[in-house]
Amino acid sequence: MRQILVLAAIAVVGGTYLAQYADHSLKDSAPKVAVVQPQQPSQEEVGSGRTLSFDADRQGHYEVQARVNGRHIGFMVDSGASLVALRASDAAEAGIRPLPADYTATVSTANGQIKAARASLDRIEIGDITVYDVPALVLPDAALGRNLLGVSFLSKLKRYEVANGRLVMEQ
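Predicted model only: the values in this text are computed from it and were never measured.

### As for the pattern of salt bridges
Pairs may arise between side chains of opposite charge once their charged atoms sit close together.
Turning to step 1, where the next piece is worked out: Here the structure, examined in full by the defined rule, presents eight salt bridges.
Turning to step 2, where the next piece is worked out: The closest approach of N and O atoms between Arg-166 and Asp-55, which form a salt bridge, is 2.9 Å. Here the residue Arg-166 occupies a position in strand β11 (residues 166-170), and Asp-55 occupies one in strand β2 (residues 49-55), the gap between them amounting to 111 residues.
Turning to step 3, where the next piece is worked out: Under the relative-accessibility criterion, Arg-166 is labelled partly exposed at 32%.
Turning to step 4, where the next piece is worked out: Its relative accessible area of 36% is what places Asp-55 among the partly exposed residues.
Turning to step 5, where the next piece is worked out: One salt bridge connects Asp-141 with Arg-87, and the closest N-O pair in it is separated by 3.8 Å. You can see Asp-141 sitting in the loop between β8 (129-139) and β9 (148-149) and its partner Arg-87 sitting in strand β5 (residues 84-87), a full 54 residues away along the chain.
Turning to step 6, where the next piece is worked out: On the basis of relative accessibility, which here comes to 22%, the residue Arg-87 falls in the partly exposed class.
Turning to step 7, where the next piece is worked out: One salt-bridge network, held together by shared partners, links Lys-158, Arg-159, Glu-161 and Glu-170.

Next up, the structure:
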């Protein structure tokens, strides 16, 4: 029994060390760029709808500049995120300031589970595309590196498509 406890303690200490090493390695290998400049969309008129297209950045991500409740906020488009996710500081810029008691939703992230506050965004505008009443979550800044433009926005479009390094949104 004593041997099992010793092995378990070694496994816990080793796992903790490896997790800290991995986090440290990822931080050290991350690009040292302080500001990401979201790409401005190219715009095309298609029939009666509006279409925007974006090229992927070097990492294959789609960065967009949007207006949330009239305030400019940068997003990374994430079709794997169910909802739009906002950093608390950016949500505050858009007039959304949840109280500590509002952080009742549990969200699973790559860094584990975190508490988030549910919110509803009056509107999100990207170029000539405007989507109203968008469900969202507000997360602490430390838990979210970038704002995510998730499916709660994308599903309200007529279509969105990713092909050949290009994202197309149509309303």
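On we go from here.
### Some details on the environment of Asp-78
Turning to step 1, where the next piece is worked out: As for its position among the elements, Asp-78 is in the loop between β4 (71-77) and β5.
Turning to step 2, where the next piece is worked out: For Asp-78, a relative accessible area of 22% corresponds to the partly exposed category.
Turning to step 3, where the next piece is worked out: Taking the C-alpha atoms as reference points, Asp-78 and Asn-147, 69 residues apart in sequence, are found 9.4 Å from one another.
Turning to step 4, where the next piece is worked out: For Asp-78, the contacting residues outside a window of four places in its chain are Leu-148, Leu-149, Gly-150 and Val-151.

### A look at the nonpolar core
Turning to step 1, where the next piece is worked out: Val-84, Ile-124, Ile-126, Leu-149, Phe-153 and Met-169 are the most contacted members of the largest nonpolar core, which has 31 residues in total.
Turning to step 2, where the next piece is worked out: At the level of secondary structure, the elements contributing two or more residues to this core comprise β2, β3 (63-68), β4, β5, β7 (112-126), β8, α3 (151-154) and β11.
Turning to step 3, where the next piece is worked out: Discounting residues that sit within four places of it in the chain, Val-84 has contacts with Phe-75, Leu-121, Ile-124, Val-134, Pro-135, Ala-136, Leu-137, Leu-148, Leu-149, Gly-150, Ser-152 and Phe-153.
Turning to step 4, where the next piece is worked out: In this structure, Ala-85, Ala-116, Leu-137 and Leu-148 belong to the second largest nonpolar core, which totals ten residues.

### Regarding the pairing of β8
Turning to step 1, where the next piece is worked out: Here β8 lies mainly inside the structure; eight of its eleven residues are buried.
Turning to step 2, where the next piece is worked out: As paired elements, β5 and β8 share four bridges and run parallel to each other. Considered in β8, the bridge of Arg-87 is made with Leu-139.
Turning to step 3, where the next piece is worked out: In this structure, β7 lies alongside β8, joined through nine bridges in antiparallel fashion. Looking at β8, one finds that Arg-118 is bridged to Leu-137.
Turning to step 4, where the next piece is worked out: Two successive antiparallel strands, β7 and β8, enclose a turn made up of two residues, where Gly-127 displays a positive phi of approximately 55 degrees.

### With respect to the pairing of β3
Turning to step 1, where the next piece is worked out: The pairing of β3 with β4 spans six bridges and is antiparallel. For Gln-65, the partnering residue across the bridge sits in β4 and is Gly-74.
Turning to step 2, where the next piece is worked out: Hairpin connection from β3 to β4: two residues lie between these consecutive antiparallel strands, with Asn-69 at a positive phi of about 50 degrees.
Turning to step 3, where the next piece is worked out: Of the pairings in the sheet, the one linking β3 to β7 comprises two bridges and is antiparallel in character. Paired with Arg-67 across the two strands is Glu-125, which belongs to β7.

Rules and cut-offs
Residues numbered from 1 in each chain as written. Predicted model: local features only at pLDDT ≥ 70, side-chain atom pairs only at ≥ 80, totals over all residues. Heavy atoms only, no water. Salt bridge = Lys/Arg side-chain N within 4 Å of Asp/Glu carboxyl O. Helix = DSSP H or I, 4+ residues; strand = E, 2+ residues; numbered from the N terminus. Buried < 20%, exposed > 50% of the residue type's maximum accessible area, 1.4 Å probe, protein only. Contact = heavy atoms within 4.5 Å. Core = buried A, V, L, I, M, F, W, Y, C linked by side-chain atoms within 4.5 Å. Pairing = 2+ DSSP bridges.

Purely geometric stuff here, so don't read any function into it on its own.
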